[in-house]
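As a plain string of letters, each chain reads:
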Amino acid sequence: MKLTDLSVLLVGCGKMGSALLKGWLDKGLEPGNVHVLEPYPSAWLQQQTQQGLRLNCLPKSLPDVLVLATKPQIMSDAIASIEPFGSQSTLVLSIAAGSPIRLFEDRFGANVAVVRAMPNTPAAIGAGITALVANNNVTDDQMQLAEGLMASVGKTITLETEDQMHAVTALSGSGPAYVFALAEAMTAAGVAAGLSETIASQLACATVSGAGRMLEETPDSPSTLREQVTSPKGTTAAGLDVLQRKDALTYLLTATVKAAARRSVALSDT
Ligand SMILES: NC(=O)c1ccc[n+]([C@@H]2O[C@H](COP(=O)([O-])OP(=O)(O)OC[C@H]3O[C@@H](n4cnc5c(N)ncnc54)[C@H](OP(=O)(O)O)[C@@H]3O)[C@@H](O)[C@H]2O)c1
């Protein structure tokens, strides 16, 4: 099904919901085919009503896709107002961290078609990556539809099991925050080395974003790209000697991802 023909009911239009909706509207989704439930709509979302998007009212017929983008903690309450929309012909596409497929089967009925997806915030600029996993009720056409929707805001990968979603959420879902934290820490390190905050921040942010673009735009692996910066006995080697001593960086990131994955498991159990 083409994006232009698709009808969508989006529940929750905060940071991630609006990033996805912007991407879909840019790619041809008709605002007139979109209903959004959102208690505190942003100015941007309110503007979309002028193009025909319907805000805080329910569609008269079943939508092709019901996108669930509320926080996991309130997912159960949010579903209460839309239970009749989880029919067999409507694809339920949830992006909530830690909301398992079984929650939607319990609430919408065992026959409901559910795709659980984990995007990340670079989706807002079309540079996201989303992992998807489906239940057995999802048809090939519905899976293509889900992949197509998420591909319109970045890359997609399909998981073998839902259990992998905890690690995915911890790695790529939360991952942009780790990278932004790196930019913040590099700024602080630049200040400690004698630069002003403004100059350190400019240098740190451009370095992180330039290195990210190299990962994207060159065929080289991260280790090759790292080696290209590292002159023998030069400054980078001296810096990396601290960053990677006793695998310090790998150890820290492994602990970071494990903690986030544990939180995903805990959210699934509540
Ligand atoms: N942000 C990310 O990086 C990211 C990445 C991948 C997946 N996710 C997932 O995406 C979901 C949304 O995250 P987010 O960061 O976009 O959070 P968010 O900005 O808080 O967006 C959630 C939105 O849902 C609204 N809402 C609350 N109750 C509702 C209801 N009953 N019906 C409809 N809307 C309701 C919230 O309004 P109030 O603020 O008034 O409560 C809020 O605007 C979460 O499940 C998260 O796990 C987020």
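Thresholds applied
Residues numbered from 1 in each chain as written. Predicted model: local features only at pLDDT ≥ 70, side-chain atom pairs only at ≥ 80, totals over all residues. Heavy atoms only, no water. UniProt positions renumbered as here; feature names shortened; annotations may be inferred. Salt bridge = Lys/Arg side-chain N within 4 Å of Asp/Glu carboxyl O. Helix = DSSP H or I, 4+ residues; strand = E, 2+ residues; numbered from the N terminus. Buried < 20%, exposed > 50% of the residue type's maximum accessible area, 1.4 Å probe, protein only. Phe/Tyr/Trp six-rings, centres within 6.5 Å; stacked < 30°, edge-to-face > 60°. Lys NZ or Arg CZ within 6 Å of the ring centre and 35° of its normal. Pairing = 2+ DSSP bridges. Axes fitted to C-alpha atoms, helices over the stretch in contact; angles between N-to-C directions. Parallel < 35°, antiparallel > 145°, perpendicular 65-115°, else oblique. Left-handed = near helix turned anticlockwise from the far one by under 90°. Contact = heavy atoms within 4.5 Å. Nonpolar A, V, L, I, M, F, W, Y, C, P; charged D, E, K, R; others polar. 1 Å grid on protein atoms, 1.4 Å probe; cavity = no way out; pocket = protein on both sides within 12 Å on 5 of 7 lines; lining within 4 Å. Points joined across faces, edges and corners; volume = space filled by probe spheres on them.

The protein goes by Pyrroline-5-carboxylate reductase in an unreviewed UniProt entry, where it is assigned to Tritonibacter multivorans. Per UniProt, the comment on the protein under Function (unreviewed entry) is "Catalyzes the reduction of 1-pyrroline-5-carboxylate (PCA) to L-proline." One UniProt comment on the protein, placed under Sequence similarities (unreviewed entry), says "Belongs to the pyrroline-5-carboxylate reductase family."

> How do you make sense of the pattern of salt bridges when you look at a structure like this?
Two side chains with opposite charge may pair up if their charged atoms get near one another. With the rule as written, the count across this model stands at five salt bridges. Across the pair Glu216 and Lys155 runs a salt bridge whose closest N-O atoms are separated by 3.1 Å. A residue pair is termed long-range when its members are at least 10 positions apart, and Glu216 in helix α8 (residues 197-217) and Lys155 in strand β8 (residues 154-158) qualify at 61 residues. Residue classification places Glu216 among the exposed residues on the basis of a relative accessible area of 52%. Between Arg213 and Glu217 there is a salt bridge, and its shortest N-O distance comes to 3.2 Å. Of this pair, Arg213 and Glu217 are both found in helix α8, four residues apart, which corresponds to roughly one turn of the helix. Taking the relative accessible area as the measure of exposure, Arg213 reaches 53% and is therefore exposed.

> Sorry if this is basic, but what is going on with the packing of aromatic side chains here?
Given two aromatic rings, their pairing is described by the distance between the two centres and the angle made by the two planes. Counting across every chain of the model gives zero aromatic pairs. Sitting over the ring of Trp44, Lys22 keeps its end group 5.0 Å from the ring centre.

> How should the pairing of strand β6 (residues 113-118) be read in this particular structure?
Within a regular strand, side chains alternate between the sheet's two faces. Burial of β6 is extensive: six of the six residues sit out of reach of the surface. Side chains of β6 alternate between two faces, with Ala113, Val115 and Ala117 and Val114, Arg116 and Met118 buried alike. Note: strand β5 (residues 91-94) against β6, four bridges, orientation parallel. From the neighbouring strand, Ser94 faces β6, where its bridge partner is Arg116. Across four bridges, β6 lies against strand β7 (residues 128-134) in antiparallel orientation. Looking across to β7, one finds that Met118 is bridged to Ala131.

> When you look at the packing of helix α6 (residues 165-173) against helix α11 (residues 248-269) in this model, what are you seeing that I'm missing?
When two helices pack together, you describe them by how their axes are tilted relative to each other and by the distance separating the axes. Running from N to C, α6 and α11 point in directions that differ by 130°, and their axes come no closer than 8 Å. Between α6 and α11, the angle is such that the two are oblique. Crossing angle aside, the handedness with which α6 passes α11 is right-handed. Between α6, through His166, Thr169, Ala170 and Leu171, and α11, the contact on the second element is made entirely by Val257, Ala260, Ala261, Ser264, Val265 and Ser268. Across the contact of α6 with α11, the residue classes tally to six nonpolar, four polar and no charged.

> So what exactly am I meant to see when it comes to the layout of surface pockets here?
Here the second largest pocket defines a volume of roughly 920 Å³. Forming the walls of the second largest pocket are 36 residues, and the residues nearest its centre are Lys15, Met16, Thr70, Lys71 and Pro72. Among the elements of the structure, α1 (15-26), α6, α7 (175-192) and α11 are those that each provide at least two residues to the lining of the second largest pocket. Counted by class, the lining of the second largest pocket contains 21 nonpolar, eleven polar and four charged residues.

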